Amino acid sequence: MRFAMLIDNVSSAERIEYCARTIDRAVTKDWFVFPWEAVAPDAAIAQDAAEVPDRIA
């Protein structure tokens, strides 16, 4: 069995075989909003992101 993800976090204990992008969450604090998550108004997405300031670069 093989696993794939859009974004792989290098500090994750789980290993995958395929990914579109690799990041290190200790360095990259970008907040990723995928198209299927963006059904909420922009203000609601921004509020969710602001709840954990460490996630915002």
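Calculation notes
Residues numbered from 1 in each chain as written. Predicted model: local features only at pLDDT ≥ 70, side-chain atom pairs only at ≥ 80, totals over all residues. Heavy atoms only, no water. Helix = DSSP H or I, 4+ residues; strand = E, 2+ residues; numbered from the N terminus. Rg over C-alpha atoms; globule rule 2.2 N^0.38 Å. Buried < 20%, exposed > 50% of the residue type's maximum accessible area, 1.4 Å probe, protein only. Contact = heavy atoms within 4.5 Å. Areas by Shrake-Rupley, 256 points an atom, 1.4 Å probe, with all protein chains shown as cover. Lys, Arg positive; Asp, Glu negative; His and termini not counted. Charge placed at Lys NZ, Arg CZ, Asp CG, Glu CD. Polar contact = N/O pair within 3.5 Å; in protein donor to acceptor, adjacent residues only side chain to side chain. pLDDT = per-residue confidence, 0-100. Salt bridge = Lys/Arg side-chain N within 4 Å of Asp/Glu carboxyl O.

## A look at the overall build of the protein chain
- Helix and strand counts for the protein chain come out as 1 helix and 2 strands.
- N-terminal to C-terminal, the α/β element order of the protein chain is β-β-α.
- Its C-alpha atoms give the protein chain a radius of gyration of 13 Å, clearly above 10 Å, the size a compact globule of 57 residues would have.
- The dimensions of the protein chain, computed from C-alpha atoms along their principal axes, are 40 × 25 × 15 Å.
- Classification of the 57 residues of the protein chain by burial places 9% in the buried group.
- When contacts within the protein chain are restricted to residue pairs at least 6 apart in sequence, long-range pairs at least 24 apart make up 23% of them.
- For the protein chain, the exposed area adds up to about 4,600 Å²; of that, 57% sits on carbon and sulfur atoms.
- Mean positive and mean negative side-chain charge positions of the protein chain (6 and 10 charges, respectively) differ by 6 Å.

## Quick notes on the environment of S11
- Looking at where S11 falls in the secondary structure, it is placed in the loop between β1 (4-9) and β2 (18-23).
- Put simply, S11 and D24 are 13 residues apart on the chain and 6.4 Å apart in space, counted from C-alpha to C-alpha.
- A distance of 2.9 Å separates the side chain of S11 from the side chain of N9, its partner in a polar contact.

## A short note on the confidence of the model for the protein chain
- Per-residue pLDDT for the protein chain has a mean of 81; in total, 91% of the residues score no lower than 70.
- Within the protein chain, the lowest mean pLDDT, 81, falls on helix α1 (residues 42-50), and the highest, 90, falls on β2.

## Some details on the side chain of D8
- Inspection of the secondary structure assignment puts D8 in strand β1.
- Apart from residues lying up to four places away in sequence, D8 is in contact with R15, I16, C19, R21, T22 and I23.

## Observations regarding the pattern of salt bridges
- Inspection of the entire model under this criterion finds 1 salt bridge.
- Across the salt bridge formed by R15 and D8, the nearest N and O atoms sit 3.7 Å from each other.
- A residue is classified by how much of its surface remains accessible, and R15, at 47% relative accessible area, is partly exposed.

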